[in-house]
Structure formats: structure tokens, C-alpha cells
Amino acid sequence: MSEIIKIANSGEFDKVLKSERPLVVHFYADWAVQCQQINEVLVELARDKQLISSGVQFFKIEAESLPDLSLKYDVSAVPSCIILKKGIVVDRVDGANAPELSKKVKQHSSATADAAVTPGDLNSQLKSLINLAPVMLFMKGTPDQPKCGFSRTIVQLLQEQNVKFKSFDILSDEQVRQGLKEYSNWPTYPQLYINGELVGGVDIFKELVASGELKSMLPDAGDSKVSLEDRLKSLVNREKVMLFMKGVPDEPRCGFSRTIVGILKSKGVSFGHFDILEDEVVRQGLKSFSNWPTYPQLYVKGELVGGLDIVKELEENGELDSLLKD
């Protein structure tokens, strides 16, 4: 096989995911030079006899045309390449890192590729997830749409106790789902963690509520949350026009950020900027604060305008100038 197959829609990709073969998927944009470079690398890899014999398939998805898939696979910049096996993401390379991409594709195509995702790597990922928030719930589905009765019950209990928490849908990642069972030595879901320590499932949580022990276990997270919200409010209001981006205007570190900077500069407008790659707390916190999952994010007078697509629409409609200079 020596071609990169373009995915036209989500339904088509769902069919591709049923394949038993390793899949390499390139999220790209036509306007990004780096994507053309990565595409050339993938074409060469697709012609590799060893990779052909191992059955690796190569695909590409235009990130802006299929935003649902970009969001699902956490693609906030192009190029981004994900490697899947049996429909599960086992690795990824974000950015134009051709040597790393070649290395990982060949690694995961080998007969021992399953061993490439080492327990140490997975444990590191699990530790990061567990500590993503002071109270972290691993559940089936999301708090708004639980996909099992136990998950629904623990979400209701947390909400009744006014506990602020974040969640992870274990149905979205089979590696996390299976790995966390061994990591925590707890075989079922949901699993609740407080300050990085396993509390348990629904029954234990009920006991803690009934005995009054829960309050003493909960982190004093209220003040820190308010503090973060105050900081974010201050940041989005730091300048009349404020851009949260990857990199800085003179050295953007993703194609979307580069494009939006070019648009703002073409308007001759002065704008502030913040490099979200330099501060993970702001990077993750602003997503919740604005209810906008990707970057860049543009704010005017403290109000979210949106990302690159919306800015492009405003420019095409002739509304951007008045918004920026009002």
C-alpha cells in the first residue's frame, strides 16, 4: 500500500476503526506547510516493505472539516498524528516531528508493538489523570450522561454534597480502563480519588457520607478554585483584545495560532497574548472557564469571541473590524 486515504466523514472513520490492523491517522490542514511535510513522510512510510507486510494503514483527516473527530482525539493543532490499534489510541505525535513519527510508526507496527506502551509509561499517564483535580472520578460516561447506574449514583451523591470534581470517561480509553484496575488494585468502576489517593466506589462513598468522614477528607479546594477563576478573569481582561495561543506572536507553535495572529496583525489592532504552553494550570483551567475546549481563544473586552473558525467567519462577514475596534 503506497497511498494515504482521505477520510470524508465520521461514518467512514467508524468503519475504519473496526480494522484489526494498526492505523496511522494524520490530522492536517491544507494551509499548513508542516502538514505537507508530514504527509510526505507518511507516503514514504506507506511504501516501506516492512510496514506493508505488517498491514499498517495510513489515513488523513482535514481537522477543520471534521471538528467532531478533532475534538474526540484532542487535536488542537496541526499536524497531529495518532496511532490506533483495534480502535484504541496507543500513541501520538503532535507537531512536525518526522523522526519521532517514523520511530513510533515502526515501533507499533512490529509484532511486539503491544509491549511498546510500557507499564511505566501507562502508570505515568494514570498518575497524571488521577491528580488532574483534587477530586477525580473515573466513571462510565460523563456527569451529564452517565452510562451505568453506579456512575449515575455517585455523581448524584457528589452533587448532593456540593463536591467539586472532575471526571474521566473510562469508556473512551480502553488502556486507561484496564490499566487503572491494576494501578489501583480495584477491579470495578466508578473509582473516586481524593488528592491522588483512591477512596473507592459507590458503597464506600456512601459509608463516608453517612459517617460524616467525607468532609474531613475533602481538600480545601474552594479557595484555590476561586483564586484560579480570579486569575483567569484578570488574564482575559488584561488587554482589550486578548489572545490565548500556543507560542507567541513572533513564534507561533501551531498552525491555528499562526493564522489567527496573521489575521489580527492584518487588522492593525494591538492585542495582548498569553502562551498557554507555558502554564498548564491556565491551559486546562481556561477550557472550563470559557467552556471552549481548544486553542487559540480570542477575547475582546473580557468576553470570548471563539477560535480560528469563528474569527475567520467574522472576517468574511465584515464584522471583525468593528468588533476589534469598537
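The notes below deal with the structure included here. Bear in mind that the values here come from a model prediction, so they are computed numbers and not experimental data.

## Re the nonpolar core
- Counting 41 residues, the largest nonpolar core has Phe13, Val25, Phe27, Ile61, Tyr73, Leu243 and Leu298 as the members making the most contacts within it.
- Element by element, the count of residues in this core is highest for helix 12 (residues 255–266), at 5 residues.
- Core analysis: the second largest hydrophobic core is formed by 17 residues, Ala46, Leu51, Cys81 and Ile83 among them.

## Quick word on the pairing of strand 5 (residues 88–94)
- Relative to strand 5, strand 4 (residues 80–85) runs antiparallel, the two being bridged by 6 bridges. Following the sheet pairing, Lys85 is matched in strand 5 by Ile88.
- Hairpin connection of strand 4 to strand 5: 2 residues between the antiparallel strands, including Lys86 at a positive phi of 55°.

## A word on the state of the cysteines
- One pass over the structure, following the stated rule, counts 0 disulfides.
- Not engaged in a disulfide, the cysteine Cys35 finds its nearest cysteine sulfur in Cys81; these two sulfurs lie 8.3 Å apart.
- What makes Cys81 buried here is its relative accessible area of 3%.

## Description of helix 5 (residues 98–109)
- The terminal C-alpha atoms of helix 5, which comprises 12 residues, lie 17 Å apart, in line with the 16 Å expected from a rise of 1.5 Å per residue.
- Taken residue by residue, helix 5 has Leu101, Ser102, Lys104, Val105, His108 and Ser109 as its buried positions.
- Its buried side turned inward, helix 5 meets strand 2 (23–28), helix 2 (33–46), helix 3 (49–54), strand 3 (57–62), strand 4 and strand 5.

What counts as what
- Residues numbered from 1 in each chain as written.
- Predicted model: local features only at pLDDT ≥ 70, side-chain atom pairs only at ≥ 80, totals over all residues.
- Heavy atoms only, no water.
- Core = buried A, V, L, I, M, F, W, Y, C linked by side-chain atoms within 4.5 Å.
- Buried < 20%, exposed > 50% of the residue type's maximum accessible area, 1.4 Å probe, protein only.
- Helix = DSSP H or I, 4+ residues; strand = E, 2+ residues; numbered from the N terminus.
- Pairing = 2+ DSSP bridges.
- Disulfide = S-S within 2.5 Å.
- Expected span 1.5 Å × (residues − 1).
- Contact = heavy atoms within 4.5 Å.

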